[in-house]
Amino acid sequence: MVGGGGAGGGLLENANPLIYERSGERPVTAGEEDEQVPDSIDAREIFDLIRSINDPEHPLTLEELNVVEQVRVQVSDPESTVAVAFTPTIPHCSMATLIGLSIKVKLLRSLPQRFKMDVHITPGTHASEHAVNKQLADKERVAAALENTHLLEVVNQCLSARS
């Protein structure tokens, strides 16, 4: 299932995915540089955290595959909530849970603990969206998955910078 650039061996599910152009870097404002001014977390900041996550199947980022988009990120800093909808490249993508887990881990490692995170598949874009969403919403299953050293290694590969 996973090809040469991915996490294992075998055939690619989506051998020729559409590749999208990366969005530009966000300009830093004077207010953001001022350490005396509280800086709230917004959708663009969350998008910047997850856009460079590597796809487990292709040598491309989730942004380049249009799996994550800024318009599908919702943040309420006052309520300490983040919601990210991601769109697998094909409706039967077997990597959907791994992609969602990678997004969730990136956010867990990057955001203050006060944030409640909801990482889910964009409605109507995956054949098993309800099952995948249920797994991603279950804190105990996510914690158990991260105790699996092989799975954690694959997630860390998705989160590492490409050379």
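Remember, predicted model here, so these are calculated numbers, not experimental data.

With that out of the way, let us pick up unusual backbone geometry. A positive phi angle is found at Asn 66, which is not glycine, with a value near 65°. Structurally, Asn 66 is set in the loop between helix 2 (43-50) and strand 1 (73-76). Here Ser 80, not a glycine, exhibits a phi torsion of approximately 55°, which is positive. For Ser 80, the position within the fold is in the loop between strand 1 and strand 2 (81-86).

The terminal C-alpha atoms of helix 3 (residues 96-110), which comprises 15 residues, lie 21 Å apart, in line with the 21 Å expected from a rise of 1.5 Å per residue. Listed as buried for helix 3 are Ala 96, Leu 98, Ile 99, Gly 100, Leu 101, Ser 102, Ile 103, Lys 104, Val 105 and Leu 107. Contacts made by the buried residues of helix 3 are with helix 2, strand 2, strand 3 (116-121), helix 4 (129-137), helix 5 (139-147) and helix 6 (149-159).

Within the structure shown, the criterion is met by five salt bridges. Between Glu 69 and Arg 72 there is a salt bridge; the shortest N-O distance is 3.3 Å. A relative accessible area of 24% places Glu 69 in the partly exposed class. In this structure Arg 72 comes out as partly exposed when scored by relative accessible area, which is 32%. Here Arg 114 and Asp 77 are joined by a salt bridge, their closest N and O atoms 2.9 Å apart. Placement of Arg 114 in the loop between helix 3 and strand 3 and of Asp 77 in the loop between strand 1 and strand 2 is noted, with a sequence separation of 37 residues between them. The network of salt bridges with shared partners includes Arg 44, Asp 48, Arg 51 and Glu 63.

Further remarks concern the sheet that holds strand 2. One open sheet holds the three strands; their spatial order is 1-2-3, and the pairing between them is mixed. Both outer strands of the open sheet, strand 1 and strand 3, are each paired with one neighbouring strand and no more. Each neighbouring strand pair of the sheet contributes to a mean axis angle of 10°, computed without reference to strand direction. Seen against the sheet, helix 2 touches strand 1 and strand 2 and runs at an angle of roughly 130° to strand 1.

Before going further, it helps to spend a moment on the environment of Gln 70. Looking at the secondary structure, you find Gln 70 in the loop between helix 2 and strand 1. Note on Gln 70: relative accessible area 32%, which makes it partly exposed. Taking the C-alpha atoms as reference points, Gln 70 and Ser 23, separated by 47 residues in sequence, lie 9.6 Å from one another. For Gln 70, the contacting residues outside a window of four places in its chain are Ala 43, Arg 44 and Phe 47.

Roughly 350 Å³ of internal volume is contained in the largest pocket. Grouping the amino acids of the lining of the largest pocket by side-chain chemistry returns 10 nonpolar, two polar and four charged.

How each quantity is defined
Residues numbered from 1 in each chain as written. Predicted model: local features only at pLDDT ≥ 70, side-chain atom pairs only at ≥ 80, totals over all residues. Heavy atoms only, no water. Helix = DSSP H or I, 4+ residues; strand = E, 2+ residues; numbered from the N terminus. Expected span 1.5 Å × (residues − 1). Buried < 20%, exposed > 50% of the residue type's maximum accessible area, 1.4 Å probe, protein only. Contact = heavy atoms within 4.5 Å. Salt bridge = Lys/Arg side-chain N within 4 Å of Asp/Glu carboxyl O. Pairing = 2+ DSSP bridges. Axes fitted to C-alpha atoms, helices over the stretch in contact; angles between N-to-C directions. 1 Å grid on protein atoms, 1.4 Å probe; cavity = no way out; pocket = protein on both sides within 12 Å on 5 of 7 lines; lining within 4 Å. Points joined across faces, edges and corners; volume = space filled by probe spheres on them. Nonpolar A, V, L, I, M, F, W, Y, C, P; charged D, E, K, R; others polar.

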